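Here is what each chain is made of, one letter per residue.
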Amino acid sequence: TASGQKSSIASLIHDSYANELKVVVKDSATGALQSTVLFSPNIASARLATAADIDGNGREELVVGLETAAGAVSVEIRDSSTGALINTIAFGAVGLTSYSLNVVPDMNGNIFSEIGVLVADTAGNVSFMIKDGLTGAILSNVSFGNRYVPVDAVVIADISGNGFPEVGALLETTNKAASGIQFRDVSTQQVVSTVMYPAGFPGTKFTIVPDVNGNGAPEFAMVGLASNGNQQIMVTDIYSQVSLMSMAVPSRYVIHDLGVIHDLNGNGVPEIGFLVNDTTLGSVFVYKKDALTGAVTPRLNYNAAFSPKRLLISPDLNANGSSEIGVLGSNAQGSSQVQYLDSTTMTQVSVVGL
């Protein structure tokens, strides 16, 4: 979560031994504990997102997607400061598998965000269900058919011109013959764009990049597996489906996550950061490439004693005008931490133990 130059880390922790599901919120710069918020613990899996303030106290809300062993999918929304329950939204009582939790911009004019989940039922039907974040009313159910195996979903700003956002679902065909991402309008459910990749190129991680080629549509950056088993990076324009960048990754590199970093080399285009573990050297670093030219900026090296999990991009914490790049990792003893480095000076800004 972030506001101005202040940033917080919200970590979702499921303690099965204590039968406890909680979100711990800490200050990104100091590591100070800000709040601990409890959620319903009797679940098989959970996901975390944040939404803009609903209850009027100026603090963002915590949104946790819950799934039981029986396939009941629901979402709890709680205040990130007080832990007060704002809403519980049921998406299905049985037989569903969830693949994403997304906050969707207001669709019905009540100024509050909507909540979306990408789900598949037992017959393989894939859909993106959207409900009002305040009332829980169903607003849209975007179908992606039953020919696909869902991986994840993302919501982007309107590119079809009707004022409603689009939802992109990262999909594979059930026979693994093709993979890609399909964008549909959340209101009309019509296909806006489909970006397909070579046969046998399953996507593993992806992110949305602000428009870099000037056509008004964002770009889609994905890490996938090439036919030789190595990872490959591809950046594609969502509107035109034109490939803007493609790069093979050395076989010893494992990419755990990727994210968008503000422009570092002065050409007005953001960089894409890749969280990498070099399995030969045992090093952990963030590899940064210009989203348009592919030019590489100096990499950021992190504590290799912590196995990398997630890449976190934070607003400027040390007042030098540059964002900070955090890596969430865990060690052999089960401890987790986020280590923040300055994106330009490459010096350590903070370490937050979780």
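See the structure above.
Residues numbered from 1 in each chain as written. Predicted model: local features only at pLDDT ≥ 70, side-chain atom pairs only at ≥ 80, totals over all residues. Heavy atoms only, no water.

**Q** Can you help me understand the sheet that holds strand 27 (residues 336-342) in this one?
**A** Backbone-to-backbone hydrogen bonds pair the strands of a sheet. The strands run either parallel or antiparallel. Strand order in the open sheet formed by four strands is 25-26-27-28, and the pairing between neighbours is antiparallel. With partners counted over all chains shown, the strands left at the sheet margins are strand 25 (307-314) and strand 28 (348-353), one partner each. Averaged over all adjacent pairs, the angle separating strand axes in this sheet is 20 degrees, with direction ignored. (Pairing = 2+ DSSP bridges. Helix = DSSP H or I, 4+ residues; strand = E, 2+ residues; numbered from the N terminus. Axes fitted to C-alpha atoms, helices over the stretch in contact; angles between N-to-C directions.)

**Q** It is not clear to me how the packing of aromatic side chains should be interpreted in this structure. Could you clarify?
**A** Pairs of aromatic rings are described using the distance from one ring centre to the other and the angle between the two planes. One pass over the structure, following the stated rule, counts two aromatic pairs. Measuring from centroid to centroid gives 5.3 Å for Phe206 and Phe220, while their planes differ by 50 degrees, and the two rings are tilted. Of the two residues, Phe206 is situated in strand 17 (residues 203-209) and Phe220 in strand 18 (residues 219-225); the sequence distance between them amounts to 14 residues. Look at Phe220 and you get buried, because its relative accessible area is 0%. Relative to Phe285, the ring of Tyr253 lies with its centre 5.5 Å away and its plane at 75 degrees, an arrangement referred to as edge-to-face. With Tyr253 in strand 21 (residues 253-261) and Phe285 in strand 23 (residues 283-290), this residue pair connects regions lying 32 residues apart in the sequence. There is no split in this pair, since Tyr253 and Phe285 are both buried. Its end group placed over the ring of Phe39, Arg78 keeps NZ or CZ at 5.7 Å from the ring centre. One residue, Lys131, lies across the ring of Phe91, its end atom 5.4 Å from the ring centre. (Phe/Tyr/Trp six-rings, centres within 6.5 Å; stacked < 30°, edge-to-face > 60°. Buried < 20%, exposed > 50% of the residue type's maximum accessible area, 1.4 Å probe, protein only. Lys NZ or Arg CZ within 6 Å of the ring centre and 35° of its normal.)

**Q** How do you make sense of the pattern of salt bridges when you look at a structure like this?
**A** Under the definition given, this model contains four salt bridges. Here Glu76 makes a salt bridge to Arg78, at a shortest N to O gap of 3.1 Å. Of the residues examined, Arg78 reaches a relative accessible area of 17% and is grouped as buried. (Salt bridge = Lys/Arg side-chain N within 4 Å of Asp/Glu carboxyl O.)

**Q** Explanation requested: unusual backbone geometry in the structure shown.
**A** Peptide bonds are, in most cases, trans, and in most cases residues other than glycine have a negative phi. Even without glycine at this site, Ile111 takes up a positive phi of about 70 degrees. Along the chain, the position of Ile111 falls in the loop between strand 9 (96-104) and strand 10 (114-121). Here the phi dihedral of Ala319 falls at roughly 60 degrees; this positive angle occurs in a residue that is not glycine. Examined against the element boundaries, Ala319 turns out to sit in the loop between strand 25 and strand 26 (324-330).

**Q** Sorry, what's going on with the environment of Gly168 here?
**A** As for its position among the elements, Gly168 is in strand 14 (residues 166-173). Considering only alpha carbons, one finds Gly168 and Tyr239, 71 residues apart in sequence, at a separation of 12 Å. The contacts of Gly168, once residues within four sequence positions are left out, are Asp152, Ala153, Val154, Ile181, Gln182 and Phe183. (Contact = heavy atoms within 4.5 Å.)

**Q** Any chance you could explain the sheet that holds strand 12 (residues 138-143) here in plain terms?
**A** Read across the open sheet, the four strands follow the order 9-10-11-12; overall the sheet is antiparallel. Edge positions in the sheet fall to strand 9 and strand 12, since each has one partner strand and no second. Taking each pair of neighbouring strands and ignoring which way they run, the sheet shows an average axis angle of 20 degrees. Both strand 11 (residues 126-132) and strand 12 contribute to a ladder of five bridges, which runs antiparallel. Among the inter-strand pairings, Ser127 is bridged to a residue of strand 12, identified as Ser143.

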